[in-house]
Amino acid sequence: MLLEGLMNALQWQVVLMILIGSAIGISIGSLPGLTAVMGVALILPVTFGMDPVAGILLLIGVYFGAVYGGSLTAILINTPGTPSSAATAIDGYALTQKGKAHKALTISTLSSTIGGILSVIVLILIAPQMAAFALKFSAPESFALAVFGLSIISSIAGKTLVKGLIAGGLGLMVATIGLDPVGGFARFTGGNENLINGVDLVPVMIGLFAASEGFTSIGDLFSAKRAKVVIEKTKLKWEEFRVLILTILRSAGIGTFIGMIPGAGGDITAFVAYNEAKRFSKDKSEFGEGALKGVAAPEAANNSVTGGAMIPLLTLGIPGDAVTAVLLGALMVQGIQPGPMLFETNGTIVYTLFGGMLIANVIILILGLLGIRLFTKILLIPKAVLMPIILVLCTVGAYAINNNFFDVIVMLIAGIIGYFMKRYEFPVSPVILGFILGPMLESNFSRALVMSQGDYSIFYTRPITLVLLSLAFLTLFAPLLKKKAVKLKEDYS
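Rules behind the numbers
- Each chain has its residues counted from 1, following the order in which its sequence is written.
- This being a predicted model, a pLDDT of at least 70 is required before a residue's local features are given, and a value of 80 or more before pairs of side-chain atoms are given or counted; all residues contribute to the totals for chains, interfaces and linings.
- Only hydrogens and water are removed before side-chain values are computed, so all heavy atoms of the structure are retained for them.
- Put simply, DSSP marks the helices as runs of H or I at least four residues long and the strands as runs of E at least two long, and each gets a number from the N terminus on.
- With a 1.4 Å probe rolled over the protein chains alone, any residue whose accessible area is under 20% of its type maximum counts as buried; one over 50% counts as exposed, and the rest are partly exposed.
- Whether two residues are in contact is decided by their heavy atoms: any pair within 4.5 Å suffices.
- Each accessible area value is a Shrake-Rupley result obtained with a 1.4 Å probe; residue values ignore everything except the protein chains displayed when judging cover.
- Whenever Lys or Arg places a side-chain nitrogen within 4 Å of a carboxyl oxygen from Asp or Glu, that contact is recorded as a salt bridge.
- Each residue after the first adds 1.5 Å to the expected span of a helix.
- What we call the bend at a residue is the angle made by axes fitted to the seven residues finishing there and the seven residues starting there.
- Any N or O atom pair separated by 3.5 Å or less is treated as a polar contact, with the protein-specific requirement of one donor-capable and one acceptor-capable atom, and with residues adjacent in sequence counted only for side-chain atom pairs.
- For helices, the fitted line uses only the C-alpha atoms of the stretch in contact; every axis is such a line through C-alpha atoms, and the angle between N-to-C directions lies from 0 to 180 degrees.
- Note that the term roughly parallel is reserved for angles under 35 degrees, roughly antiparallel for angles over 145, roughly perpendicular for angles of 65 to 115, and oblique for everything else.
- Here a crossing is taken to be left-handed if its near helix is turned anticlockwise relative to the far helix by less than a right angle, and right-handed if that turn runs clockwise.
- Classification used: nonpolar for Ala, Val, Leu, Ile, Met, Phe, Trp, Tyr, Cys and Pro, charged for Asp, Glu, Lys and Arg, polar for all others including Gly.
- The criterion is simple. A nonpolar core is a set of buried Ala, Val, Leu, Ile, Met, Phe, Trp, Tyr and Cys residues joined through side-chain atoms within 4.5 Å.
- Any Phe, Tyr or Trp ring, taking Trp's six-membered ring, that has another such ring centre within 6.5 Å forms a pair; planes under 30 degrees apart are called stacked, those over 60 apart edge-to-face, and the others tilted.
- The arc in question is the one traced by the directions running from the helix axis out to the C-beta atoms.

Once that is clear, we can look at the overall build of the protein. Across its full length, the protein carries 21 helices and 2 strands. The buried share among the 493 residues of the protein stands at 54%. The long-range share in the protein, meaning contacts at least 24 apart out of those at least 6 apart in sequence, stands at 77%. Accessible surface computed for the protein: about 21,400 Å², of which carbon and sulfur atoms make up 68%.

This is the structure:
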């Protein structure tokens, strides 16, 4: 059936739809504020009159392309096109500043493709079994996963752990604005109706990364010293890539697994994979300064989420993230009902979709590698021209989320905060991590206590929860314990 599905997906009309979808997705993903969810939702009405397979694969092409496209601007101008690319910007932009943008984009493209293909292979082989295991994640497990995600702050805090914790705390504080997830009462809104539903992630991310970078670059234009842009066209060597293979495989596994958990998404996945890459690395000091593994890990992870999120969607009818929720609607419009009976009632269509997903990843690989030389040309645009354009795109992107000017104000405030954070060497990434995980942490903590009727033992009597919380403790305090051990060793010697 897989062979038959692959042959069906190789029909020129279907391949053309995947190609168009992937190109549109890459374009949407690279623009600040235009997320994969928005891209798929915008293209959805176009598919209503199309053949079911071609229509769904057009949307999947947009989905896969947008996730990859977010890394392009993250690496080149420190502006993540999508939230899941925020982790890529840490080392990706550092490589660009060293003149290694070509190499960073090559690693991003290869890692994204491998991660995406591996997740589809997992989807094909063990989808029902993996989906059943993912359903064991209820409120306590999701809470523990959020805590583990927050513990990663110790890895992305930069030179000073205290500043990283302060930044993460700021993100958690902002995440509490809006309605209480259990009681439903308003908190910290100041009577402003725009804050009832909380602060939107995308304007905050655009402000902290893109607008702040724009403000910084505009300030540099008036400084005496101006950085000269250097673009080295050195190609990625086999020895360099060989060292990354294990990191890519590990990150793809992490991304596929977390992608199966409904509500987790690619945002946390990228940071978890980044942390694990740093944990297993022999030279941890290179992370944050332009580590190749720092690009490979988050890109392999967030692109493998695409296949992972499709597992509960197709086998159980449960969307793994916001994009697959839109895809669920698209499937049902086409008369395809996801669930346990899908493989029996529409087996041919399902395996054609599997084949199309593999083709989509190959197309992204081709488009990505062919476009690298063109993508790097953006660095040759004078900053006096580029930065005002970026600020305009930031404004348009923030407004486009909800068609609300209040989001533009949020973006500008976040941009000013981000500017001063960078000036005083506070890491920005922990703010985004805390902001993403705050609602997940709080809501699942409350739900877990409701489940246990106030008994806190639920957090250490369930095996998965206990393992995740133990890992979180080790991850957060490992740097401190290591420093203490080194100091004691020096004192005794």
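If you trace the backbone, threonine 109 turns up in helix H6 (residues 101–134). Using a relative accessible area of 0% as the deciding quantity, one classes threonine 109 as buried. Ignoring any residue separated from it by four or fewer positions in sequence, one finds threonine 109 in contact with Tyr68, Ile364, Leu365, Gly368, Leu369 and Ile372.

A separate point is the pattern of salt bridges. Within this structure, the stated rule accounts for 6 salt bridges. A salt bridge links glutamate 240 to lysine 103; its shortest N-O distance comes to 3.0 Å. Taken together, the residues glutamate 240 in helix H11 (residues 238–260) and lysine 103 in helix H6 connect sequence positions 137 residues apart. Between glutamate 442 and arginine 187 there is a salt bridge whose closest N-O contact spans 2.5 Å. Of the two residues, glutamate 442 sits in helix H19 (residues 429–451) while arginine 187 sits in strand E2 (residues 186–187), which places them 255 residues apart along the sequence. On the basis of relative accessibility, which here comes to 23%, the residue glutamate 442 falls in the partly exposed class. Residue arginine 187 is classed as buried on the basis of its relative accessible area, which comes to 13%. Here the residues in one salt-bridge network are Asp180, Arg187 and Glu442, joined through shared partners.

When the terminal C-alpha atoms of helix H4 (residues 52–77) are compared, their 38 Å separation across 26 residues agrees well with the 38 Å that a helix rising 1.5 Å per residue should span. At alanine 66, H4 shows its largest bend, some 25°. A side-chain oxygen of the first residue of H4 lies 3.2 Å from the backbone nitrogen of valine 53; this N-cap is aspartate 51. A positive backbone phi angle near 60° is found at asparagine 78, which sits one or two residues after H4.

On to the environment of threonine 109. Separated by 259 residues in sequence, threonine 109 and glycine 368 place their C-alpha atoms 5.9 Å apart. At a separation of 2.8 Å, a polar atom in the side chain of threonine 109 contacts the main-chain carbonyl oxygen of leucine 105.

For the pair H4 and helix H13 (residues 293–316), interaxial distance at closest approach is 11 Å and the crossing angle is 165°. By the criterion of interaxial angle, the relationship of H4 to H13 is roughly antiparallel. The two elements H4 and H13 meet at a crossing, and its hand is right-handed. Residues Ile60, Tyr63, Phe64, Val67, Tyr68, Ser71 and Ile75 of H4 lie in contact with H13, whose contacting residues are Val295, Glu299, Asn302, Asn303, Val305, Thr306, Ala309 and Met310. Looking at the contact of H4 with H13, its residues break down into 10 nonpolar, 4 polar and 1 charged.

Here the focus is the packing of helix H2 (residues 12–30) against helix H16 (residues 347–375). It is at 9 Å that the axes of H2 and H16 come closest, and there the two elements cross at 55°. Classed by the angle they form, the pair H2 and H16 counts as oblique. H2 and H16 meet at a crossing whose hand is right-handed. In this structure, H2 uses Val15, Ile18, Leu19, Ser22, Ala23 and Ile26 to contact H16, whose residues at the interface are Gly356, Ile359, Ala360, Ile363, Ile364 and Leu367.

This next bit is on the nonpolar core. Val40, Ile60, Tyr63, Met310, Leu327, Phe354 and Met357 are the most contacted members of the largest nonpolar core, which has 81 residues in total. Per-element accounting of this core gives the leading share, 17 residues, to H4. With residues near it in sequence (within four places) discarded, leucine 327 still touches Val40, Leu59, Ile60, Tyr63, Met310 and Leu313. Phe148, Phe406, Phe435 and Leu441 belong to the second largest nonpolar core, which has 57 residues in total.

Attention shifts here to the packing of aromatic side chains. For the structure on display, the rule yields 9 aromatic pairs. Centre to centre, the rings of phenylalanine 143 and phenylalanine 445 are 5.3 Å apart; their planes meet at 45°, and the pair counts as tilted. Within this pair, whereas phenylalanine 143 is found in helix H7 (residues 139–151), its partner phenylalanine 445 is found in helix H19, the two being separated by 302 residues in sequence. Overall, phenylalanine 445 belongs to the partly exposed group, its relative accessible area being 28%. Ring geometry for tyrosine 351 versus phenylalanine 354: centroids 5.3 Å apart, planes at 85°, classification edge-to-face. A residue pair is termed a helical-turn pair when its members lie 3 or 4 positions apart in one helix, as tyrosine 351 and phenylalanine 354 do in helix H16 at 3 residues. As far as the burial class goes, tyrosine 351 and phenylalanine 354 line up, both buried.

Below, the discussion takes up helix H9 (residues 161–175). With 15 residues, H9 should reach 21 Å at 1.5 Å per residue; the first-to-last C-alpha distance of 21 Å fits that figure. Leu161, Gly164, Ala167, Gly168, Gly171 and Ala175 are the residues of H9 that are buried. What you see down the axis of H9 is that its buried residues fit within an arc of 125°, all on one side. Opposite the buried face of H9, at more than 90 degrees from it, the exposed residues are Val162 and Met173.

Purely geometric stuff here, so don't read any function into it on its own.
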